[in-house]
Amino acid sequence: MRRRLLLSYLSLAALVLLCLEIPLGFVYSRGERERVVTAAKEEADSVSAYASLSISAGRAERELRPRVLMCAERIGGKVLVVDGLGRPLATSHDLSAQEARELASRPEIAAALGGRSTADVRTSTIGGVRSLSVAAPVTHGAELQGAVRIIVPTEAVSARIHRIWLLLALAGLAVLTALAAVAFGLARWISRPILQVERAARRLAEGSLATPVPTTEGPPEIRSLAATFNQTAARLEHLLASQRAFAGEASHQLKTPLAALRLRLDNLEPDIAGHARGSLTAAMTETDRLARMVEGLLAMARMEESAGTREPVGLDRVCAERTRAWAPLFEQHGVRLVRHGEFAGQVFAVPGAIEQIVDNLLSNALRASPVAGTVVLEIRAAPADRRHHRAPRPTWVELHVIDQGPGMTAEQRHRAFDRFWRAPDAPKGGTGLGLSLVQRLTHASGGDAALRPAPDGGLDAVVRLQAATPPRPSATRPASPAHRGSPEPAHS
């Protein structure tokens, strides 16, 4: 912003200087040229009048030569006087025989012998005089006696004109330098508080605490903007802190009563009659569901509080570990868990996000899969952007969890990431927080999550993350048969 402001100020100043200095330079050049031409014409008229008197008195041979030499010495140029036939009468410089014969054919001398004064002025590109030749007729009454030609040197005139152009250029450069200093200070005065607001807004968007922006710098409008931003940031920070505190405190406060309620229900089981055991089982199921919901709320609150900096995480390693952990539970429910795909290397994610994402997606897939069904955990390299043909390798990695369940409609897939939302025909036991937590963790990791229809009619949950190391193709890998431990509770 500072460079753009400085460039706009200097461009406007340069335009104004050019509009002023260029006409001024041409006006001075024209005035200087006209002054030199006028002086040369006056000199030619003076020599013409003297030559007319000398020729009329019959003293041309004796008087013209000294006069011509004196005039040529005074102006530092060349003076020539010819008679009515174009023959030289007096000259300040030597002429060859051929030049003497061609005098009458010279345009300026021919015009003067015709009774017309002429001035041949040739100028340079910037208005300087390159050459000046003036011719005037010599007359006595109505009688044409000859002509006078004066050639004036123009080096001094051109030097003065060039000097003026140089002075104008130096003056313009000095003005631009001064304006640049003033414009830099003005641009810095305007842009510095805006940059401070921009940096504070970026920190606030990244989840850091908003640092108050100074409200005493810059123009009044920017000071007002900074004050408004400080108020907005403080209010937003207060609202977020209140929301996180409420979710965390409420979840913590609910954990103890829920645990006590579940314990009392377990203690009641021996004393419940057979016809009431169904209600007791339903109550215990709902208590477990409520406990999982509280755990999900706590996980989301912790994630919002500690959404830290993204760091490289080994996606293949995490998927292998979670596959081994979930495999026994899948076998217990009669569902086959398969893991294959390309070698993904490392991806950028917040600490602990990949584990929670995989756990929630596998939990949802297991709940939706029929007996003897198959759940596929697959890693793919995202297709390269066609707009960037020079990218040698894709820079994104996709994690797919594909089930063979009933699937969802397009509207249901769009709403599935809302908190506490569950499909009307969803299996019992879910809380509606799992996919919402997956989406929040994915966004915090700089990626995106989506639900797509699977080829076999189920659901394809896709998590797209940025690769920290370029993925490379590898052979398809089946799921590891190792069963280590039991899966962690899934909050979905």
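The rules behind each value
- Chains are numbered independently. Their residues run from 1 in the order of the written sequence.
- Per-residue local features are limited, in this predicted model, to residues with pLDDT of at least 70; the limit for side-chain atom pairs, both in listing and counting, is 80 or more; totals at the level of whole chains, interfaces and linings are taken over all residues.
- With hydrogens and water stripped out, all remaining heavy atoms of the structure feed into the side-chain values.
- Strands are runs of DSSP state E lasting at least 2 residues, helices are runs of H or I lasting at least 4, and numbering of each runs from the N terminus.
- Partly exposed residues are those whose accessible area sits between 20% and 50% of the maximum for their type, while under 20% is buried and over 50% is exposed, using a 1.4 Å probe and protein chains only.
- When checking whether two residues touch, look at their non-hydrogen atoms; a contact exists if any pair is within 4.5 Å.
- The accessible surface values rely on the Shrake-Rupley method and a 1.4 Å probe; as for residues, cover is taken only from the protein chains in view.
- Patches here are clusters of residues that have more than 30% relative accessible area and form no salt bridge, with a 9 Å joining cutoff for like charges and a 5 Å cutoff for nonpolar side chains (Val, Leu, Ile, Met, Phe, Trp, Tyr).
- Any Lys or Arg side-chain nitrogen located within 4 Å of an Asp or Glu carboxyl oxygen qualifies as a salt bridge.
- Working rule for helices: expected span equals 1.5 Å times residues minus one.
- The term bend refers to the angle at a residue between two fitted axes, each drawn through seven residues, those ending there and those starting there.
- Two strands are counted as paired when DSSP detects at least two bridges linking them.
- Angles here are taken between N-to-C directions and fall from 0 to 180 degrees, while the axes themselves are lines fitted to C-alpha atoms, restricted in helices to the stretch in contact.
- The term nonpolar core refers to a set of buried residues drawn from Ala, Val, Leu, Ile, Met, Phe, Trp, Tyr and Cys, joined through side-chain atoms within 4.5 Å.
- Should an angle fall under 35 degrees it is taken as roughly parallel, and over 145 as roughly antiparallel, whereas 65 to 115 is taken as roughly perpendicular and any remaining angle as oblique.
- For any pair of crossing helices, the crossing counts as left-handed if the nearer helix is rotated counterclockwise from the farther one by less than a right angle, and right-handed if it is rotated clockwise.
- Summary of the metric used: pLDDT quantifies the predictor's per-residue confidence within the range 0 to 100.
- Counting of polar contacts relies on pairs of N or O atoms within 3.5 Å, with two restrictions inside protein: one atom must be capable of donating a hydrogen and the other of accepting it, and residues adjacent in sequence are counted only when both atoms are side-chain atoms.

1. So, the overall build of the chain
On a plain count of helices and strands, the chain comes out with 11 helices and 12 strands. Counting every position in the chain, which comprises 492 residues, the buried fraction comes to 38%. Sequence-distant contacts, at least 24 apart, represent 69% of the contacts inside the chain between residues at least 6 apart. As presented, the chain carries roughly 27600 Å² of accessible surface, and 57% of it is formed by carbon and sulfur atoms.

2. Observations regarding a nonpolar patch on the surface
A grouping of Leu-12, Leu-15, Val-16 and Leu-20 is seen on the molecular surface, where their side chains present a nonpolar patch of about 390 Å² in accessible area. On the secondary structure map, Leu-20 appears in helix α1 (residues 2–57).

3. Digging into helix α9 (residues 353–368)
Its 16 residues give α9 an end-to-end C-alpha distance of 23 Å, which sits within 8% of 22 Å, the value for a rise of 1.5 Å per residue. Residues Ala-353, Ile-354, Ile-357, Val-358, Asp-359, Asn-360, Leu-361, Leu-362, Ser-363, Ala-365 and Leu-366 constitute the buried set of α9.

4. Details of helix α8 (residues 315–332)
The end-to-end C-alpha distance of α8, which contains 18 residues, comes to 26 Å, matching closely the 26 Å that a straight helix rising 1.5 Å per residue would cover. The largest bend in α8 comes to about 40 degrees, at Trp-326, with the proline Pro-328 one to four residues further on. Of the residues making up α8, those classed as buried are Leu-315, Asp-316, Val-318, Cys-319, Ala-320, Arg-322, Thr-323, Arg-324, Ala-325, Trp-326, Ala-327 and Phe-330. Where α8 is buried, its residues meet β6 (311–314), β7 (336–341), β8 (346–349), α9, β9 (374–381) and β10 (396–402). Trailing α8 by a residue or two, Gly-334 shows a phi angle of about 75 degrees, which is positive.

5. Overview of the sheet that holds strand β11 (residues 448–453)
The mixed open sheet is built from 5 strands, whose spatial order is β7-β9-β10-β12-β11. In this open sheet, the two edge strands, each paired with only one partner strand, are β7 and β11. Strand-to-strand twist in this sheet, taken as the mean axis angle between neighbours without regard to direction, amounts to 15 degrees. Pairing of β11 with strand β12 (residues 459–466), which is carried by 6 bridges, proceeds in the antiparallel orientation. Looking at β12, one finds that Asp-448 is bridged to Arg-464.

6. Looking at the nonpolar core
Among the nonpolar cores identified, the biggest contains 41 residues, and Leu-315, Phe-330, Ile-354, Leu-361, Leu-362, Val-375 and Val-463 are the most heavily contacted of them. The set of elements that each furnish at least two residues to this core consists of α8, β8, α9, β9, β10, α11 (434–444), β11 and β12. Counting residues per element, this core draws most heavily on α9, at 8 residues. Residues in contact with Phe-330, not counting those within four places in the same chain, are Val-335, Leu-337, Leu-362, Leu-366 and Val-375. If you look at the next biggest cluster of nonpolar residues, it comprises 24 residues, including Val-36, Ala-72, Ala-136 and Val-148.

7. Some points on the packing of α9 against α11
Where α9 meets α11, the axes come as close as 9 Å, and the angle between the chain directions of the two elements is 150 degrees. With respect to each other, α9 and α11 are oriented roughly antiparallel. The two elements α9 and α11 cross, and the hand of that crossing is left-handed. Contacts from Ala-353, Gln-356, Ile-357, Asn-360, Leu-361 and Asn-364 in α9 reach Gly-434, Leu-435, Leu-437, Val-438, Leu-441 and Thr-442 in α11.

8. Observations concerning unusual backbone geometry
Phi at Ala-372 takes a positive value of approximately 70 degrees, unusual for a residue other than glycine. Position of Ala-372 relative to the elements: it lies in the loop between α9 and β9.

9. A few points about the confidence of the model for the chain
In the predicted model, the chain carries a mean pLDDT of 79, and the fraction of residues at 70 or more is 83%. Here helix α7 (residues 277–305) is the element of the chain with the lowest mean pLDDT, 70, and β12 is the one with the highest, 93. Note on residues 474–492: pLDDT is under 50 here. Beyond four places in sequence and across chains, it has 55 contacts.

10. Here we look at the environment of Glu-21
Summarising the element assignment, Glu-21 is placed in helix α1. In this structure, the C-alpha to C-alpha distance between Glu-21 and Leu-168, residues 147 residues apart in sequence, is 6.5 Å. Contacts of Glu-21, omitting those with residues within four sequence positions, involve Trp-165, Leu-168, Ala-169, Ala-171 and Gly-172. From its side chain, Glu-21 meets the backbone nitrogen of Gly-172 in a polar contact 3.2 Å long.

11. Considering the pairing of β12
With 6 of its 8 residues buried, β12 lies for the most part within the structure. Note that β10 and β12 share 7 bridges and pair antiparallel. Considered in β12, the bridge of Ile-402 is made with Asp-460. Here β11 folds back onto β12, and the loop between the two strands holds 5 residues, one of which, Gly-457, carries a positive phi near 95 degrees.

12. Points about the pattern of salt bridges
Side chains that differ in charge, positive against negative, can pair when their charged atoms come close. Tallied over the full model, the rule gives 10 salt bridges. Of the charged contacts, one joins Glu-378 and Arg-380 as a salt bridge, the two residues approaching to 3.2 Å between their closest N and O atoms. When its relative accessible area of 30% is taken as the criterion, Arg-380 is described as partly exposed. Here the salt bridges do not stand alone but share partners, grouping Arg-106, Glu-108 and Arg-149 into one network.

13. Observations concerning the side chain of Ser-133
Tracing the chain through its elements places Ser-133 in strand β4 (residues 129–140). On the basis of relative accessibility, which here comes to 10%, the residue Ser-133 falls in the buried class.

14. So, the environment of Glu-398
Structurally, the position occupied by Glu-398 is in strand β10. In this structure the side chain of Glu-398 is engaged in a polar contact, spanning 3.0 Å, whose partner is the side chain of His-400.

15. What to know about the pairing of strand β5 (residues 143–152)
Across the 10 residues that make up β5, a large majority, 7, are buried. Across 6 bridges, the pairing between strand β1 (residues 78–83) and β5 is antiparallel. Bridge pairing in β5 links Asp-83 to Gly-146.

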